[in-house]
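Architecture at a glance
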Amino acid sequence: MLLKFYRSTIGKKIIMALTGVIFVGFVISHMAGNLKIFGGINAESGLYKFDEYAHFLREIAAPLVGHGTLLWIARIVLLGSIFLHMLMAFQLAMINRAAKPVAVHNPEYRSANAASRTMKYGGFVLFIFIIYHILHFTTGHLHFGGFAEGQVYANVHSGFSNLFNVIFYIIAMACLALHLYHGTWSLFQTLGVDNPAWNKGIRTAAKLVSILVFLGFISVPLAVAFKVVDAPVITTMKD
């Protein structure tokens with residue numbers, strides 16, 4: 001039964017939609033968390049609020065499952081969802097190509113599908129970005145500005161002191177915004193929430209969420225690049 005569902009076109013679309021929901025939820029929460037970089041230093045603890053937030057994420061359920069375990073479980077679920085999302089997108093593209101072996105030369109068709117055809121290019125950029133982002137800010141393997149375990153504020157500040165990282169991040173976030181807009185709209189259609197009375201509102205909401213996510217994410221590298229946030233001072237929090 002599950003195998004039949006997986007092999008069906010509608011099954012692939014539903015899997016793609018549900019993994020998209022997980023990704024959208026993560027993106028919004030991650031963006032909101034990033035904005036804590038503007039919180040400065042906690043006067044009581046003497047630590048950056050951004051660092052305290054990152055430490056809090058690592059300590060969730062720590063007495064039961066160990067330090068950072070739940071966070072890594074969440075990362076694995078997210079990466080698994082992204083893999084499934086990409087796999088379904090690839091398989092659906094192959095199915096569509098097989099069903100339409102002859103290119104369609106209809107201006108109206110091309111216009112209606114312009115956004116969807118850019119998804120694969122934006123998706124590829126996002127895939128490269130996610131790998132780089134993990135190696136840059138999570139593991140530190142590609143962080144060449146003096147990566148310090150547990151010093152999230154300092155790592156982000158030094159990371160975005162590099163102009164290449166700022167530009168790449170903004171490009172990736174532009175791809176993410178486009179992906180969110182088209183993907184969120186498609187998600188509602190796939191899940192059957194497709195009513196002429198709601199469609200305009202759904203499309204507007206998808207556009208607003210995409211714009212807010214884009215602005216929220218790029219505000220961090222731009223704040224570092226334009227020295228809106230101060231250079232880090234030494235704190236004592238260790239992971």
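Residues numbered from 1 in each chain as written. Predicted model: local features only at pLDDT ≥ 70, side-chain atom pairs only at ≥ 80, totals over all residues. Heavy atoms only, no water.

1. Looking at the overall build of the protein
- From N to C terminus, the protein includes 10 helices and 0 strands.
- Reading the helices (α) and strands (β) of the protein from amino to carboxyl end gives α-α-α-α-α-α-α-α-α-α.
- Residue pairs at least 24 apart in sequence account for 69% of intrachain contacts in the protein once pairs closer than 6 positions are excluded.
- Roughly 14,300 Å² of accessible area belongs to the protein as shown, and the carbon and sulfur atoms make up 71% of that amount. (Helix = DSSP H or I, 4+ residues; strand = E, 2+ residues; numbered from the N terminus. Contact = heavy atoms within 4.5 Å. Areas by Shrake-Rupley, 256 points an atom, 1.4 Å probe, with all protein chains shown as cover.)

2. Remarks on the layout of surface pockets
- Its boundaries defined by the atoms lining it, the second largest pocket holds a volume of some 1,100 Å³.
- Lining the second largest pocket are 42 residues, and of these Phe26, His30, Arg75, His133 and Thr138 lie nearest its centre.
- Contributing elements (two or more residues each) for the lining of the second largest pocket: helix H2 (9-34), helix H3 (49-59), helix H5 (69-99), helix H7 (114-138), helix H8 (152-159), helix H9 (163-190) and helix H10 (196-225).
- Here the lining of the second largest pocket takes 8 residues from H5, the largest share from any one element.
- Taken together, the residues that form the lining of the second largest pocket break down as 30 nonpolar, 9 polar and 3 charged. (1 Å grid on protein atoms, 1.4 Å probe; cavity = no way out; pocket = protein on both sides within 12 Å on 5 of 7 lines; lining within 4 Å. Points joined across faces, edges and corners; volume = space filled by probe spheres on them. Nonpolar A, V, L, I, M, F, W, Y, C, P; charged D, E, K, R; others polar.)

3. Some thoughts on the nonpolar core
- Residues Val27, Val156, Phe160, Met173, Leu176, Val213 and Phe217 are the most contacted members of the largest nonpolar core, which totals 32 residues.
- For this core, the secondary structure elements donating two or more residues are H2, H3, H5, H7, H8, H9 and H10.
- Top contributing element to this core by residue count: H9, with 8 residues.
- If we skip the residues at most four places from it in the chain, Val27 touches Leu176, Leu180, Val213 and Phe217. (Core = buried A, V, L, I, M, F, W, Y, C linked by side-chain atoms within 4.5 Å. Buried < 20%, exposed > 50% of the residue type's maximum accessible area, 1.4 Å probe, protein only.)

4. Concerning the packing of aromatic side chains
- Summed over the entire model, instances satisfying the criterion amount to 9 aromatic pairs.
- With a centroid separation of 5.7 Å and an interplanar angle of 65 degrees, the aromatic rings of Tyr132 and Phe168 are classed as edge-to-face. Of this pair, Tyr132 sits in helix H7 while Phe168 is found in helix H9, placing the two residues 36 residues apart along the sequence. Phe168 shares its class with Tyr132; the two are buried.
- Joined through ring pairs, the aromatic side chains of Phe129, Tyr132, Phe137, Phe160, Phe164, Phe168, Tyr169 and Phe217 make up one cluster.
- In this arrangement the basic side chain of Lys12 is found over the ring face of Tyr6, its NZ or CZ atom lying 4.1 Å from the centre.
- Above the plane of the ring of Trp72 lies Arg75, whose end atom (NZ or CZ) is 4.4 Å from the centre. (Phe/Tyr/Trp six-rings, centres within 6.5 Å; stacked < 30°, edge-to-face > 60°. Lys NZ or Arg CZ within 6 Å of the ring centre and 35° of its normal.)

5. Describing the confidence of the model for the protein
- In this model, the protein carries a mean pLDDT of 86, and residues with pLDDT of at least 70 account for 90%.
- The spread of mean pLDDT over the elements of the protein runs between helix H6 (residues 107-112), the lowest at 41, and H8, the highest at 96. (pLDDT = per-residue confidence, 0-100.)

6. A few points about the packing of H2 against H10
- Their axes nearest at 9 Å, the elements H2 and H10 cross at an angle of 35 degrees. Crossing of H2 against H10: the hand is left-handed. For the pair formed by H2 and H10, the contact residues are Val27, Ile28, His30, Met31 and Asn34 on the first element and Val209, Leu212, Val213, Gly216, Phe217 and Val220 on the second.
- A per-class count over the contact of H2 with H10 returns 8 nonpolar, 3 polar and no charged. (Axes fitted to C-alpha atoms, helices over the stretch in contact; angles between N-to-C directions. Left-handed = near helix turned anticlockwise from the far one by under 90°.)

7. So, empty space enclosed by the protein
- Under the counting rule described, the total for this entry stands at 1 cavity of 30 Å³ or more.
- One number sums up the size of the largest cavity: a volume of about 40 Å³.
- Broken down by class, the residue content of the lining of the largest cavity amounts to 6 nonpolar, 3 polar and no charged.

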